[in-house]
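# Structural features, examined
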Amino acid sequence: MQPNFDQELEDRLVRYAAIDSQSDETSSSTPSTGIQFDMLNLLVAELQEIGAENVTLTDYGVVLATIPATAPGPAIGLLAHVDTAPQFNATGVKPRVIKNYDGGDITYPDNPDLVLSPQKSPYLASKQGDDLITASGLTLLGADDKAGVAIVMTLARHLLANPDIKHPKIRLAFTPDEEIGRGVGERLPKDLDVDFAYTLDGGDAGEIVYESFSADRAVVTVKGVSIHPGWAKEKMVNAAHLAAKIVQTLPQATMTPETTDGREGFIHITDMNGGSSEMEIKLILRDFELDGLATKGDLLRSVCDAVQASEPRAEITCEIFPQYRNMRYWLENDMTPVELALAACRAHGIEPISAPIRGGTDGSRLTEFGVPTPNIFTGMQNVHGPLEWISVQDMAKATEVCLTLVQKAVAHESR
């Protein structure tokens, strides 16, 4: 008999989403915010309670645990991240459950002007009859990625409570700071100690993603010449004007997030700070191919060089830092974890979706570090904003797919 995970998933997500665990890219600590320990410590306690082994909170902020093998097969990792995105308010999240969604517009008690419409969200239109979870209108929900946390924890409890289910060793990892690109450090692959892994951090039911963006971040610093504006003629160099010129010279009708889709990459200005004496521009560069990513970096540098040449008295620097790389470069050499996930989906009558993800996951970094880690759906929608929502039934499908996946891995050739 197929287990019903709906109520446990609903309860877990409502409980987890109410905990503020937002990350902060301006912080240099690990994790970047102390409030992430509220989730991490809770998971340690819950894992110990359900009987997981080797439960550890590492000094780099990752919760690790083991579900012992009941049959031979490759060691498998399951990961989700505890932090929520810094792009929108995550304090005071009030999750609410809409039972048996009627297919109409969804309004929000704390923000009457906000409307989630099936006309604008076709995926929502397909969820009539499902139980949906949203926030109250003033915050994000945090299903990204507390839905993944709920799925992994629900699966873990089920496997530990039913040792007759045949599965290989499973390692669990709950990471901080994924939303700011710092969820996977160099020590995690060894500590995780698996043949391959999966992140539970995807969207539509059926998504099995093994291709992500390659990503760099950039910081442009513009230093002008400061002087009292009353005596500034032919002396002042206004850094804000030069920064504006850089922004205006970069592509705007193309190569921005709002003008691209599919396999097109972009240059995205995320922040501008400063004043007339000094300005800082922060950007992210994205492309599916490394040569395309390099071209975007070269374009940014050439714009900075051109503006620098127009005003030699200024000092303009452009620094570009790698973030993560397209996981496809490694996974295409051994598609075993992808094929297992695809087969598990199809076993539940779900046709897999494997479109490239226009973003990255902890799996992008793990794969680069030698642990092949594709991404599995959770059902999360409209993430990073107040219209975020998720179907409980989609979460249940993800849990069922993972359960089938670990069973299919039994007796697979191990290391």
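Further up the page is the structure itself.
This text gives an overview of the structure that appears in the document. None of the values given here were measured: they were computed from a predicted structure.

## Some words on the overall build of the chain
Helices and strands together make up the secondary structure of the chain, namely eleven helices and 16 strands. Its C-alpha radius of gyration of 23 Å places the chain within 12% of the 22 Å reference for a compact globule of 415 residues. Seen through its principal axes, the chain has C-alpha atoms that stretch 80 × 50 × 35 Å. Evaluated residue by residue, the chain yields a buried proportion of 53% over its 415 residues. Summing over all exposed atoms, the chain offers an accessible surface of approximately 17,400 Å²; the carbon and sulfur share of this is 50%. Where the 34 positive side-chain charges of the chain centre and where its 59 negative ones centre are 3 Å apart.

## Description of the nonpolar core
Core analysis: the largest hydrophobic core is formed by 73 residues, its most contacted members being V149, L172, F174, Y198, I390 and L405. Among the elements that take part in this core, helix α4 (residues 143-161) stands out by supplying ten residues, more than any other. Ignoring any residue separated from it by four or fewer positions in sequence, one finds Y198 in contact with I76, G77, L78, L79, P337, L340, A341, T373, P374, I376 and L405. A239, I267, I281 and L293 belong to the second largest nonpolar core, which has 23 residues in total.

## Focus: the pairing of strand β2 (residues 63-67)
Most of β2 sits out of view: five of its five residues are buried. Because side chains alternate across β2, one face comprises the buried residues V63, A65 and I67, and the other comprises L64 and T66, equally buried. Here three bridges tie strand β1 (residues 53-57) to β2, and the two strands are oriented antiparallel to one another. The partner of E53 across the bridge, within β2, is T66. Bridge count between β2 and strand β8 (residues 170-175): five bridges; the pairing is antiparallel. Note that in β8 the partner of L64 across the bridge is A173.

## Structural notes on the side chain of E388
Tracing the chain through its elements places E388 in the loop between β15 (375-377) and β16 (389-391). Within the buried core, E388 has no salt-bridge partner, and the shortest N-O distance to an opposite charge, that of K146, equals 9.4 Å. When residues no more than four places from it in sequence are discounted, the contact partners of E388 are I133, T134, A135, L140, L141, G142, A143, D144, Q381, N382 and V383.

## A closer look at the layout of surface pockets
Put simply, the second largest pocket is a space of about 220 Å³. In terms of lining residues, the second largest pocket is bounded by 16 residues, among which T30, R182, G183, V184 and G185 are the most central. Grouping the amino acids of the lining of the second largest pocket by side-chain chemistry returns five nonpolar, six polar and five charged.

## Comments concerning the sheet that holds β2
Each strand in a sheet pairs with another by means of backbone hydrogen bonds, the pair being arranged parallel or else antiparallel. The strand order across the open sheet formed by seven strands is β1-β2-β8-β3-β9-β15-β10, and the pairing between neighbours is mixed. Both outer strands of the open sheet, β1 and β10 (208-209), are each paired with one neighbouring strand and no more. Pairing of strand β9 (residues 196-202) with β15 involves three bridges; the strand directions are parallel. Residue pairing across strands places L200 opposite I376, the latter belonging to β15.

## Quick notes on the environment of E351
Among the secondary structure elements, E351 is positioned in the loop between α9 (336-347) and α10 (362-368). For E351, a relative accessible area of 55% translates into the label exposed. Beyond its immediate chain neighbours, meaning those up to four positions away, E351 contacts G206 and R346.

## Comments concerning the packing of aromatic side chains
This model, assessed by the stated rule, comprises five aromatic pairs. Plain terms: the ring middles of Y123 and W389 are 6.1 Å apart, the flat faces sit at 35° to each other, and that makes the pair tilted. Of this pair, Y123 sits in helix α3 (residues 122-125) while W389 sits in strand β16; the two residues are 266 residues apart in sequence, bridging distant segments of the chain. Each of the two residues, Y123 as well as W389, counts as buried. A centroid spacing of 6.3 Å and a plane angle of 80° characterise the contact between Y329 and W330, whose relative ring orientation is edge-to-face. Residue class for Y329 comes out partly exposed when judged on its relative accessible area of 21%.

## Concerning the sheet that holds strand β14 (residues 315-324)
The strand order across the open sheet built from four strands is β12-β13-β11-β14, with neighbouring strands paired in antiparallel fashion. Among the strands making up the open sheet, the edge pair consists of β12 (266-274) and β14. The mean angle between the axes of side-by-side strands here comes to 20°, regardless of whether they run parallel or antiparallel. Sheet contacts for helix α6 (residues 239-249): β11 (214-223), β12, β13 (278-287) and β14; angle to β13, the most-contacted strand, approximately 15°. Sitting on the sheet, helix α7 (residues 290-310) is in contact with β11, β12, β13 and β14, with an inclination near 155° to β13.

Parameters at a glance
- Residues numbered from 1 in each chain as written.
- Predicted model: local features only at pLDDT ≥ 70, side-chain atom pairs only at ≥ 80, totals over all residues.
- Heavy atoms only, no water.
- Helix = DSSP H or I, 4+ residues; strand = E, 2+ residues; numbered from the N terminus.
- Rg over C-alpha atoms; globule rule 2.2 N^0.38 Å.
- Buried < 20%, exposed > 50% of the residue type's maximum accessible area, 1.4 Å probe, protein only.
- Areas by Shrake-Rupley, 256 points an atom, 1.4 Å probe, with all protein chains shown as cover.
- Lys, Arg positive; Asp, Glu negative; His and termini not counted.
- Charge placed at Lys NZ, Arg CZ, Asp CG, Glu CD.
- Core = buried A, V, L, I, M, F, W, Y, C linked by side-chain atoms within 4.5 Å.
- Contact = heavy atoms within 4.5 Å.
- Pairing = 2+ DSSP bridges.
- Salt bridge = Lys/Arg side-chain N within 4 Å of Asp/Glu carboxyl O.
- 1 Å grid on protein atoms, 1.4 Å probe; cavity = no way out; pocket = protein on both sides within 12 Å on 5 of 7 lines; lining within 4 Å.
- Points joined across faces, edges and corners; volume = space filled by probe spheres on them.
- Nonpolar A, V, L, I, M, F, W, Y, C, P; charged D, E, K, R; others polar.
- Phe/Tyr/Trp six-rings, centres within 6.5 Å; stacked < 30°, edge-to-face > 60°.
- Axes fitted to C-alpha atoms, helices over the stretch in contact; angles between N-to-C directions.

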